[in-house]
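# Coordinate inspection notes
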Amino acid sequence: MVLHEFGHAMGLIHEHQNPVAGIHWNREAVIRELSGPPNKWSVQEIEFNVLTPASPSDVTATAMDKDSIMMYPIPKTWTTDGFSAGFNSNLSDADQKFIRRQYT
């Protein structure tokens, strides 16, 4: 989690909010699961934190990186096309390239 938080400090957003990610959310499943324990988020919080992508004008978007340190785990039940992502604990190659490009 430390690398993830450093990613935020360097200006990276959550990968699932990447405007070119193209994740096909199962909105009802996401809301059902995140509105219950332990999150207990409102629909508005779920929309903001998960379902709404960042504006392309606000970020430097790249192709979605399923292995990014900024990608949260996404179970298959949260998508309509079977997309899923696991817990990533290391910087991906794409993370390293992007950070290097931004800070050199």
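Scoring rules and cut-offs
- Residues numbered from 1 in each chain as written.
- Predicted model: local features only at pLDDT ≥ 70, side-chain atom pairs only at ≥ 80, totals over all residues.
- Heavy atoms only, no water.
- Helix = DSSP H or I, 4+ residues; strand = E, 2+ residues; numbered from the N terminus.
- Contact = heavy atoms within 4.5 Å.
- Polar contact = N/O pair within 3.5 Å; in protein donor to acceptor, adjacent residues only side chain to side chain.
- Buried < 20%, exposed > 50% of the residue type's maximum accessible area, 1.4 Å probe, protein only.
- Arc of directions from axis to C-beta.
- Salt bridge = Lys/Arg side-chain N within 4 Å of Asp/Glu carboxyl O.

### As for the environment of W78
Note on placement: W78 falls in the loop between α3 (43-51) and α4 (93-102). When the C-alpha positions of W78 and A9 are compared, they lie 28 Å apart, and in sequence the two are 69 residues distant. Contacts of W78, omitting those with residues within four sequence positions, involve H24, W25, N26, A29, V30, E33, L34 and P73. A polar side-chain atom of W78 sits 3.1 Å from a polar atom in the side chain of E33.

### So, α4
Looking at α4, one finds that the buried residues are D95, F98 and I99. Down the axis of α4, the buried side of the element spans an arc of 95 degrees, and every buried residue falls inside it. In α4, the exposed positions that point more than 90 degrees away from the buried face belong to D93, K97 and R101.

### Side note on the pattern of salt bridges
The full count for this structure, using the stated rule, is 1 salt bridge. Between R27 and E47 there is a salt bridge whose closest N-O contact spans 2.5 Å. Of the two residues, R27 sits in helix α2 (residues 27-35) while E47 sits in helix α3, which places them 20 residues apart along the sequence. Residue classification places R27 among the partly exposed positions, given a relative accessible area of 37%.

### Re the side chain of N18
Tracing the backbone shows N18 in the loop between α1 (2-9) and α2. Taking the relative accessible area as the measure of exposure, N18 reaches 6% and is therefore buried. Not counting residues within four places of it along the chain, the set of residues in contact with N18 comprises I13, P53, A61, T62, A63 and M64.

### Some points on the side chain of H14
Mapping H14 onto the fold places it in the loop between α1 and α2. On the accessibility criterion, H14 (15% relative accessible area) is buried. At 3.2 Å, the side chain of H14 forms a polar contact with the side chain of H4. Among the polar contacts made by the side chain of H14, one reaches the side chain of Y72 at a distance of 3.4 Å. In contact with H14, not counting residues within four places along its chain, are H4, H8, M70 and Y72.

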